[in-house]
Amino acid sequence: MPHEEKGEASMIRISDKLRGVAKTRVRKIVLWAVAGLGTATLVAVAALALTFTPAKLELPDVAIGDLPVASPPAGLSISALPTGTYDSPAALTYRGGAWSETRHLAATALLVRHPRGNLLIDTGFGRNIDEHIKLIPAMQRTPQTKGIPAVDQLAAGGIHPGDIAAIIPTHSHWDHVSGVDDFRGVPAMETAAGRRWITSKAEGTEVINSFGAINYKLYDFDGGSYLGFPTSHDVFGDGSVVIVPAPAHTPDSVIVFVSLPSGVRYVLIGDLVFQMEGIDIPAEKPWMLRWLIGENNIAVHEDIALVRAIRAKFPQIHPLPAHDSRSFGALPVFPASVR
């Protein structure tokens, strides 16, 4: 073979070897990358799984002071208006809950009958709940059992929208305000800050912003501290219905205290916790839900600490998480009531 041909053959063999080495190195790099990605994924999944396991919730020390004076009129009463439920694994309602256990989360309004005007605290599922659900992200939609809307329950008992002085949403997520659409013209009580959050069209306000014109009745937290909460608003001026700020779950979240003539008091804590375990254990919501909602964790912990301290010091005050069917089950259903 001529010298030139031998040289060319050698170069081809060297080139083939180099390409083989390069391919081997690329395969190794790809395999290492896949292995690294797989490991990272497993670590991330394991870390996420840990956020659903039980963990002691460290709460700050809080001071709640003395029991505020309340002089509810003899005619004041409350009734539950259950409008339906939706299903969730217990694991998604509080940290440490079981994936195998299904919780039927309440969508219940509370009617407060007061001589100076009837109030609704939250409204639950409205007549157009099916359309409202289409407005929320698909991942938030869960199996539901629809009941009778609050407006229809009230009408059957002789109470019509014009007989409602105001609606007090604990916050403006869909499952608390769907029924607002059925009470057109009835004032919805909001603070200026709460209304700004709603009108900003932030995530979570899709349903309430679909209603068009709402008769907002703005109020200020013009009262002093109340059981550890920094400010308050006394709706009737007699201590029977007092609203305090609780912007931990959403910027417009509030907590409402209702005092009955019997001396029993209830505190509607909205979605501060989803189930009573959040107060009893105590336990926060799983990290993934808190992150998706955008909760203020520090504020959540402080408000849980306040509610626990209030219940411990004043056992006549009963917390009502908005979605705990068991807690609302202790209240009479309209037209029955308790004073």
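Just so it is clear, the model here is predicted, and its values are computed rather than measured.

Q: Talk me through the sheet that holds strand S9 (residues 241-245); I want residue IDs and the actual numbers.
A: An order of S8-S9-S10-S11-S12 is seen for the five strands of this open sheet, with the pairing classed as mixed. The open sheet terminates on both sides in strands that have one partner only, identified here as strand S8 (233-234) and strand S12 (317-321). The pairing of strand S11 (residues 265-270) with S12 spans five bridges and is parallel. From the neighbouring strand, Gly270 faces S12, where its bridge partner is Pro321.

Q: Break down the side chain of His173 for me, citing the residues and quoting the values.
A: For His173, the location among the structural elements is in the loop between strand S5 (164-168) and helix H4 (174-177). Owing to a relative accessible area of 14%, His173 belongs among the buried residues under this scheme. Each residue touching His173, except ones within four places of it in the same chain, is listed here: Trp197, Gly204, His249, Thr250 and Ile293.

Q: Explain the pattern of salt bridges to me, using residue names and the numbers behind them.
A: If you walk through the whole model with that rule in mind, you get eleven salt bridges. Arg290 is the salt-bridge partner of Glu284, the closest N and O atoms lying 3.4 Å from each other. The class of Glu284 is buried, set by a relative accessible area of 13%. Overall, Arg290 belongs to the buried group, its relative accessible area being 8%. Sharing partners across several salt bridges, the network here consists of Glu101, Arg103, Glu277, Asp324 and Arg326.

Q: For the nonpolar core, give the residues involved together with the corresponding values.
A: In terms of nonpolar packing, the biggest core is built from 31 residues, with Leu81, Leu111, Leu120, Leu154, Ile164, Trp174 and Phe183 touching the most fellow members. When contributions to this core are tallied by element, the ones reaching two or more residues are strand S1 (77-89), strand S2 (102-113), helix H2 (129-133), helix H3 (150-156), S5, H4 and helix H5 (192-199). Of the residues forming this core, the biggest block, four residues, is contributed by S2. Filtering out sequence-adjacent residues up to four positions away, Leu120 remains in contact with Leu81, Ala109, Leu110, Leu111, Leu154, Ile164, Ala166, Ile167, Ile168 and Phe183.

Q: Provide a residue-level description of a nonpolar patch on the surface, including the pertinent values.
A: On the surface, Met139, Trp287, Trp291 and Leu292 cluster together to form a nonpolar patch covering roughly 490 Å² of accessible area. Position of Met139 among the secondary structure elements: in the loop between H2 and strand S4 (144-146). For Met139, a relative accessible area of 63% corresponds to the exposed category.

Q: Kindly report on the pairing of S9, identifying the contributing residues and their values.
A: Among the five residues of S9, five are classified as buried, and the element is accordingly described as predominantly covered. Of the two faces of S9, the one carrying Val241, Ile243 and Pro245 and the one carrying Val242 and Val244 are both buried. Pairing between S8 and S9: two bridges, direction antiparallel. Bridge assignment links Asp234 to a residue of S9, and that residue is Val242.

Q: Would you mind going over the layout of surface pockets in detail, with residue names and values included?
A: Looking at the largest pocket, its volume works out to about 800 Å³. Residue assignment for the lining of the largest pocket shows that the elements contributing at least two residues are S1, H4 and helix H7 (287-293). Its residues assigned to classes, the lining of the largest pocket shows 16 nonpolar, nine polar and five charged.

Q: Help me get a handle on the packing of aromatic side chains, residues and values and all.
A: Each aromatic ring pair is characterised by the separation of its centres together with the angle its planes make. The final tally for this structure, using the stated rule, is seven aromatic pairs. An angle of 85° between the planes, with centres 5.5 Å apart, marks the rings of Tyr219 and Phe221 as edge-to-face. Taking the relative accessible area as the measure of exposure, Tyr219 reaches 7% and is therefore buried. Through a chain of ring-to-ring contacts, three or more aromatic side chains come together here, namely Tyr86, Phe125 and Trp174. One cation-aromatic arrangement involves Lys285 over Phe274; the distance from NZ or CZ to the ring centre is 4.9 Å.

Each value, and the rule that gives it
- Residues numbered from 1 in each chain as written.
- Predicted model: local features only at pLDDT ≥ 70, side-chain atom pairs only at ≥ 80, totals over all residues.
- Heavy atoms only, no water.
- Pairing = 2+ DSSP bridges.
- Helix = DSSP H or I, 4+ residues; strand = E, 2+ residues; numbered from the N terminus.
- Buried < 20%, exposed > 50% of the residue type's maximum accessible area, 1.4 Å probe, protein only.
- Contact = heavy atoms within 4.5 Å.
- Salt bridge = Lys/Arg side-chain N within 4 Å of Asp/Glu carboxyl O.
- Core = buried A, V, L, I, M, F, W, Y, C linked by side-chain atoms within 4.5 Å.
- Patch = residues over 30% accessible without salt bridge, like charges linked within 9 Å, V, L, I, M, F, W, Y side chains within 5 Å.
- Areas by Shrake-Rupley, 256 points an atom, 1.4 Å probe, with all protein chains shown as cover.
- 1 Å grid on protein atoms, 1.4 Å probe; cavity = no way out; pocket = protein on both sides within 12 Å on 5 of 7 lines; lining within 4 Å.
- Points joined across faces, edges and corners; volume = space filled by probe spheres on them.
- Nonpolar A, V, L, I, M, F, W, Y, C, P; charged D, E, K, R; others polar.
- Phe/Tyr/Trp six-rings, centres within 6.5 Å; stacked < 30°, edge-to-face > 60°.
- Lys NZ or Arg CZ within 6 Å of the ring centre and 35° of its normal.

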